[in-house]
Amino acid sequence: MTRLQAQPLVRVDAAPAPGTDAVAWASGHRAELRDLVARHGAVLVRGLDLDGRERAVETVGAVLGEGMTEREGFAPRDPYGAPGVYSSSHWPADQPMCMHHELSYAARAPRLLAFACVTPPASGGVTALADARAVLNDLPPELVEAFERHGWRLTRHYNPFIGIGWQDAFGSSDRAEVDRHCAEHGIETRWGADGSLRTTQTRPAVLAHPDTGERCWFNQIAFLNEWTMAPEVHAFLTAEFGPEGLPFNTFRGDGTPLDRATVDLINEVYERHTVREPWQRGDLLLVDNVRTAHSREPYRGEREIVVGLGEPFTP
């Protein structure tokens, strides 16, 4: 393998011989790839022959390690049989998924993410990356100190009209089972007479990396805040459901609301540290979910990315 460094992403040009089995190649190089992820935060493998979704699913499974079932997701995914392997989130193509760390609001999150490109979009659709250590260091100290002291709070409103339903998010249509899950994971619940569910959870905003101990900005404070929504979407949802009925919103952990300037500042710092590499067919991207934030940018045309969630841990 040859390597081209571009922090926080290391590109690996696999260039296997014609006929090389992608699954066997990924399995045989898993230890080396995992070492690159640990040292650099992310690694992009270019040149694999991922001939369709089935081979992409098998390849992601081969490098993933212990797969993780998603709970509390924000948008539907299609499960692909292999443990922890899914479609990318069904999120509107014209709307960005801003920088975040996967499931950083949950009691268990994946350490490793794997993305395999079956069909690249005609334009856009980049899975961009940002170094969470650099983002933390570039944020104002007083902002970091407040979130480090109080954590961050996420509120969600599951209703039949918008977003993912609580049945899909929790993988159960049994309210008692959902209540048990939430009680075990520090989530407050409130059921509505119309079958809606409101939840509140408070999580740490800054995390020591499990291996290195380095402090990382690990959360979804900006992505899931009302001020990151497109203005027309925010106006529609507020008019339809009221400010308390938004499908999600974030606050400081003590309940203090966030103003637009604070949310814009966080997103601006992410942008200063963003690395972009357009997808090519057959790309395999591995990401340290603690050290590296990721996003999905708007796109045109068909786009199919197989996603793997692996190595679950407790933040």
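Above this text is the structure in question.
So, a few notes on the structure that sits alongside this text. If you're wondering where the values come from, they're calculated on a predicted model, not measured in any experiment.

Calculation criteria
- Within every chain, residues take consecutive numbers counted from 1 along the sequence as written.
- With pLDDT at 70 or above as the cut-off, local features in this predicted model cover only qualifying residues; side-chain atom pairs require 80 or more to be listed or tallied, and sums for whole chains, interfaces and linings still use all residues.
- Calculation of side-chain values draws on the structure's entire complement of heavy atoms; hydrogens and water are dropped beforehand.
- In this scheme Phe, Tyr and Trp rings, the latter by its six-membered ring, pair at centre separations within 6.5 Å, and the angle between planes marks the pair as stacked below 30 degrees, edge-to-face above 60, and tilted otherwise.
- Segments assigned H or I by DSSP are reported as helices when at least four residues long, segments assigned E as strands when at least two residues long, and all are numbered from the N terminus.
- For each residue, the accessible area found with a 1.4 Å probe, counting protein chains only, is set against the maximum for its type, and the residue is called buried under 20%, exposed over 50%, and partly exposed in between.
- Points on a 1 Å grid over protein atoms alone make up a cavity when a 1.4 Å probe fits among them but cannot get out, and a pocket when they form an open set with protein on both sides within 12 Å along at least five of seven lines; lining residues each have an atom within 4 Å of a point.
- Grid points are joined across faces, edges and corners, and a volume is the space filled by probe spheres set on the points.
- Residues are grouped as follows: nonpolar covers Ala, Val, Leu, Ile, Met, Phe, Trp, Tyr, Cys and Pro; charged covers Asp, Glu, Lys and Arg; every other residue, Gly included, is treated as polar.
- DSSP bridges decide pairing: two strands pair if at least two such bridges lie between them.
- Under the convention used here, Asp and Glu are negative, Lys and Arg are positive, and both His and the chain ends fall outside the count.
- Salt bridge, as used here, is a side-chain nitrogen of Lys or Arg placed within 4 Å of a carboxyl oxygen of Asp or Glu.
- Polar contacts, as counted here, are pairs of nitrogen or oxygen atoms within 3.5 Å of one another; within protein the pair requires one atom able to donate a hydrogen and one able to accept it, and residues that are adjacent in sequence qualify only if both atoms are side-chain atoms.
- The criterion used for residue contact is that any of the two residues' heavy atoms lie within 4.5 Å.
- Helix axes are fitted only over the stretch in contact, all axes being lines through C-alpha atoms; the angle between N-to-C directions runs from 0 to 180 degrees.
- For a helix, the expected span equals 1.5 Å multiplied by the residue count minus one.
- Read the arc as the range of directions from the helix axis to the C-beta atoms.

Describing the packing of aromatic side chains
Inspection of every chain in the model, using the stated rule, returns seven aromatic pairs. Note on Trp 91 and Phe 223: the rings are 5.7 Å apart at their centroids and 55 degrees apart in plane angle, and the pair reads as tilted. One end of the pair, Trp 91, is in the loop between β4 (85-87) and β5 (97-100); the other, Phe 223, is in the loop between β13 (215-217) and α8 (231-241), and 132 residues separate them in sequence. Across the pair, exposure class does not vary: Trp 91 and Phe 223 are buried alike. Where Phe 147 meets Trp 217, the ring centres are 5.9 Å apart and the plane angle is 85 degrees; that geometry is what we call edge-to-face. Of the two residues, Phe 147 is situated in helix α5 (residues 141-150) and Trp 217 in strand β13; the sequence distance between them amounts to 70 residues.

Overview of the environment of Leu 285
Of note, Leu 285 is situated in strand β16 (residues 284-288). Accessibility expressed as a relative area gives 4% for Leu 285, which makes it buried. With 116 residues separating them in the primary sequence, Leu 285 and Ala 169 have C-alpha atoms 25 Å apart.

Here we look at the layout of surface pockets
The calculated volume of the largest pocket comes to roughly 520 Å³. Forming the walls of the largest pocket are 24 residues, and the residues nearest its centre are Trp 91, Pro 92, Val 233, Pro 247 and Phe 248. Of the residues belonging to the lining of the largest pocket, the class tally is 18 nonpolar, five polar and one charged. Computed from the structure, the second largest pocket encloses a volume of approximately 440 Å³. In this structure, the second largest pocket is lined by 28 residues; those nearest its centre are Arg 77, Ser 88, Ser 89, His 90 and Met 97. Elements with a contribution of two residues or more to the lining of the second largest pocket: β5, β17 (292-296) and β19 (304-313). Looking at the lining of the second largest pocket residue by residue, the class counts come to twelve nonpolar, ten polar and six charged.

Considering the pairing of β19
Counting buried residues in β19 gives ten out of ten residues, a clear majority hidden from the surface. Examined bridge by bridge, β4 and β19 share three bridges and lie antiparallel to one another. If you follow Ser 87 over to β19, its bridge partner there is Val 306. The sheet contact formed by strand β6 (residues 109-119) and β19 spans nine bridges and is antiparallel. Within β19, the residue paired with Phe 115 across the bridge is Val 307.

What about the side chain of Asp 288?
Following the sequence through the fold, Asp 288 ends up in strand β16. For the buried Asp 288, no salt bridge is present, and the opposite-charge side chain at shortest range is Arg 111, 4.9 Å distant. Here His 209 takes part through its side chain, which lies 2.8 Å from a polar atom of the side chain of Asp 288. When near neighbours in sequence (up to four residues on either side) are disregarded, Asp 288 contacts Val 37, Gly 41, Arg 111 and His 209.

Regarding the pattern of salt bridges
A pair can form between side chains of opposite charge whenever their charged atoms are brought close. Across all of its chains, the model carries 20 salt bridges by this definition. A salt bridge links Arg 34 to Glu 311, with the shortest nitrogen-to-oxygen separation between them at 2.9 Å. Taken together, the residues span a long stretch of sequence, with Arg 34 in helix α2 (residues 30-40) and Glu 311 in strand β19 at a distance of 277 residues. Assessed through its relative accessible area of 16%, Arg 34 is described here as buried. Between Glu 148 and Arg 215 there is a salt bridge; the shortest N-O distance is 2.7 Å.

Things to note about the sheet that holds strand β10 (residues 188-191)
The sheet built from four strands is open, its strands ordered β10-β11-β9-β14 with antiparallel pairing. Looking at which strands have only one partner, the edges of the open sheet turn out to be β10 and β14 (248-252). Taking each pair of neighbouring strands and ignoring which way they run, the sheet shows an average axis angle of 15 degrees. Bridge count for strand β9 (residues 152-158) against strand β11 (residues 197-203) is seven bridges, and the pairing is antiparallel. Counterpart to Arg 156 in the pairing with β11 is Thr 199. Of the strands in this sheet, β9, β11 and β14 are in contact with α5, which crosses β14 at around 100 degrees.

Notes on helix α9 (residues 260-272)
Spanning 13 residues, α9 covers 18 Å between terminal C-alpha atoms, matching the ideal 18 Å at 1.5 Å per step. Looking at α9, one finds that the buried residues are Val 263, Ile 266, Val 269 and Tyr 270. Projection of α9 onto a plane perpendicular to its axis shows the buried side chains occupying an angular sector of 125 degrees, all on one side. Residues of α9 that are exposed and point over 90 degrees away from its buried face: Ala 261 and Arg 272.

Overview of the pairing of β10
Within a regular beta strand, the side chains point alternately toward one face of the sheet and then the other, so they alternate between its two faces. Here β10 runs beside β11; their pairing, made up of four bridges, is antiparallel. The partner of Thr 189 across the bridge, within β11, is Thr 199.

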